[in-house]
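Reading the structure
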Amino acid sequence: MKTQLLTIILWASIHCFGFAQTVIDLYKGTAPNSLPNAPQKDSLVPRKDIGSMVVQVGKPTLTLYLPAKEKANGAAIIICPGGGYSILAIEHEGYQIAEKMQEKGYAAFVLKYRLPKADFVKNKEIVPLQDAQRAIQLVRENASQWSINPNKIGIMGSSAGGHLAATAATHFGKAYIDNPKGTSLRPDFLALNYPVISFNNEVGHLGSRLNLIGPVLKDKDWDAYKVDGKVDISLIPVPQEGIAEFSNELKVTQNTPPTFVQHALDDSGVKIDNSILFLAALQKYGIRTGCFFYAKGGHGYGLDNKTSDTDWFEPFAAWLEEVLK
């Protein structure tokens, strides 16, 4: 126990995002699948509407939001911000949600996962999933130190982060990281906020699909896919095997964890069909589900859908409390 605790302390560093939080590196040393020229520092771009965005990830990390002892319920949630697998909207889809979970007594961990950029990784298709699996592994293997029940560790994601969370919840049977202890990489519950689910041509979010499994294009290559002077990404070919592998509605089984989904009907960024397809697949296998749909709200609203007086977070928290009983 003392040795394990010392390891965590040695990994920890303090960063400030509004107030001090403990941040730990996902890996000791070089992250798997990294190329030698992988960046070591993050690049941030400020946004007035949603806070800072991470446009380049250095080391993948977890930012810890541990509840007060008197509030702690023993459950934990790993939070994956979205951004089309191009950036991370880490404040309003990460830290702000973590604070709400912390208030409810959950240990929350914001995952700053590596983006699938071929310049920096050997295999871009699996690098976000590697980091999500490592986050689950790390939290589960150190659960006792954070007063967590190792059987109550879930994952949440928004938009493309929802795709990553759903991938972690449907692809846990194969470890994409070293797992010498045979630690279960299955999350115990799943929460999806306006998620990207499918990569099919009809409803898939083509930007996320292109970034994760699409070809690596040089500047001059884009000209071949322009229509009236603008790139039409639907024309860019992507491998059919990649579409099949990462369309998560096709990967649901009887072992997929209980899932809560929330989405707005008028979302033009990520079609609500994504959520409906996933819910239908879950119901086919009798998986426990919860859902909350807004009539309006568009995409990417985080915790605050300004078109509604109703808060999706409270129904979600009530559903999760029931699931974890």
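Residues numbered from 1 in each chain as written. Predicted model: local features only at pLDDT ≥ 70, side-chain atom pairs only at ≥ 80, totals over all residues. Heavy atoms only, no water.

**Focus on the overall build of the protein**
Scanning the protein from N- to C-terminus turns up 8 helices and 13 strands. Against the compact-globule benchmark of 20 Å for 325 residues, the protein has a radius of gyration of 19 Å, which places it among compact chains. Its C-alpha atoms give the protein principal-axis dimensions of about 60 × 45 × 40 Å. Relative to its full complement of 325 residues, the protein shows a buried share of 54%. The contacts in the protein between residues at least 6 apart in sequence include a share of 75% that link residues at least 24 apart. (Helix = DSSP H or I, 4+ residues; strand = E, 2+ residues; numbered from the N terminus. Rg over C-alpha atoms; globule rule 2.2 N^0.38 Å. Buried < 20%, exposed > 50% of the residue type's maximum accessible area, 1.4 Å probe, protein only. Contact = heavy atoms within 4.5 Å.)

**A few points about the environment of Glu 141**
Following the sequence through the fold, Glu 141 ends up in helix 3 (residues 127-141). The sequence separation of Glu 141 and Ser 184 amounts to 43 residues, and the corresponding C-alpha distance is 9.4 Å. A distance of 2.6 Å separates the side chain of Glu 141 from the side chain of Thr 183, its partner in a polar contact. (Polar contact = N/O pair within 3.5 Å; in protein donor to acceptor, adjacent residues only side chain to side chain.)

**Observations regarding the packing of aromatic side chains**
A complete count under the given rule lists 10 aromatic pairs for this structure. Both rings, one in Phe 260 and one in Trp 319, keep their centres 5.6 Å apart while their planes meet at 50°; by these two values the pair is tilted. Taken together, the positions of Phe 260 in strand 12 (residues 259-264) and Trp 319 in helix 8 (residues 313-323) put the pair 59 residues apart, joining distant regions of the chain. Accessibility expressed as a relative area gives 2% for Phe 260, which makes it buried. (Phe/Tyr/Trp six-rings, centres within 6.5 Å; stacked < 30°, edge-to-face > 60°.)

**Focus: the side chain of Asp 131**
Tracing the sequence through the fold places Asp 131 in helix 3. Taking the relative accessible area as the measure of exposure, Asp 131 reaches 0% and is therefore buried. If we ignore the near neighbours within four places in the chain, the residues touching Asp 131 are Leu 26, Tyr 27, Pro 60, Leu 111, Tyr 113 and Arg 114.

**Some remarks on the environment of Asp 49**
Along the chain, Asp 49 falls in the loop between strand 3 (43-45) and strand 4 (53-56). For Asp 49 and Tyr 301, which are 252 residues apart along the polypeptide, the C-alpha to C-alpha distance reads 9.9 Å.

**Comments concerning the pairing of strand 7 (residues 107-112)**
Where burial is concerned, most of strand 7 is hidden: 6 out of the 6 residues are buried. Of the two faces of strand 7, the one lined by Ala 107, Phe 109 and Leu 111 and the one lined by Ala 108, Val 110 and Lys 112 are each fully buried. Relative to strand 7, strand 5 (residues 61-65) runs antiparallel, the two sharing 5 bridges. Looking across to strand 7, one finds that Thr 63 is bridged to Val 110. Across 4 bridges, strand 6 (residues 76-80) lies against strand 7 in parallel orientation. Within strand 7, the position partnered with Ala 76 by the bridge is Ala 107. (Pairing = 2+ DSSP bridges.)

**Focus on the pattern of salt bridges**
The final tally for this structure, using the stated rule, is 10 salt bridges. Measuring nitrogen to oxygen at the nearest pair gives 3.0 Å for the salt bridge that ties Glu 314 to Lys 104. In this pair, Glu 314 sits in helix 8 while Lys 104 sits in the loop between helix 2 (91-103) and strand 7, placing the two residues 210 residues apart along the sequence. Residue Lys 104 is classed as partly exposed on the basis of its relative accessible area, which comes to 38%. Its salt-bridge partner being Asp 188, residue Arg 140 comes within 2.8 Å of it at the nearest N-O pair. In this pair, Arg 140 sits in helix 3 while Asp 188 sits in the loop between helix 4 (160-170) and strand 9 (190-193), placing the two residues 48 residues apart along the sequence. Under the relative-accessibility criterion, Arg 140 is labelled buried at 12%. Overall, the relative accessible area of 17% leaves Asp 188 in the buried class. By sharing partners, the salt bridges in this structure join Arg 140, Arg 186 and Asp 188 into a single network. (Salt bridge = Lys/Arg side-chain N within 4 Å of Asp/Glu carboxyl O.)

**Observations concerning empty space enclosed by the protein**
Going through the model one piece at a time under the given rule, you end up with 1 cavity of 30 Å³ or more. In this structure, the largest cavity spans a volume of roughly 30 Å³. Forming the boundary of the largest cavity are Tyr 85, Glu 125, Pro 128, Leu 129, His 163, Leu 164, Thr 167, Leu 212 and Phe 246. Residue assignment for the lining of the largest cavity shows that the elements contributing at least two residues are helix 3 and helix 4. (1 Å grid on protein atoms, 1.4 Å probe; cavity = no way out; pocket = protein on both sides within 12 Å on 5 of 7 lines; lining within 4 Å. Points joined across faces, edges and corners; volume = space filled by probe spheres on them.)

**What about a nonpolar patch on the surface?**
Side chains of Leu 265, Ile 276 and Phe 293 sit close together on the surface and give an oily, nonpolar patch of about 280 Å² of accessible area. For Ile 276, the location among the structural elements is in helix 7 (residues 273-284). (Patch = residues over 30% accessible without salt bridge, like charges linked within 9 Å, V, L, I, M, F, W, Y side chains within 5 Å. Areas by Shrake-Rupley, 256 points an atom, 1.4 Å probe, with all protein chains shown as cover.)

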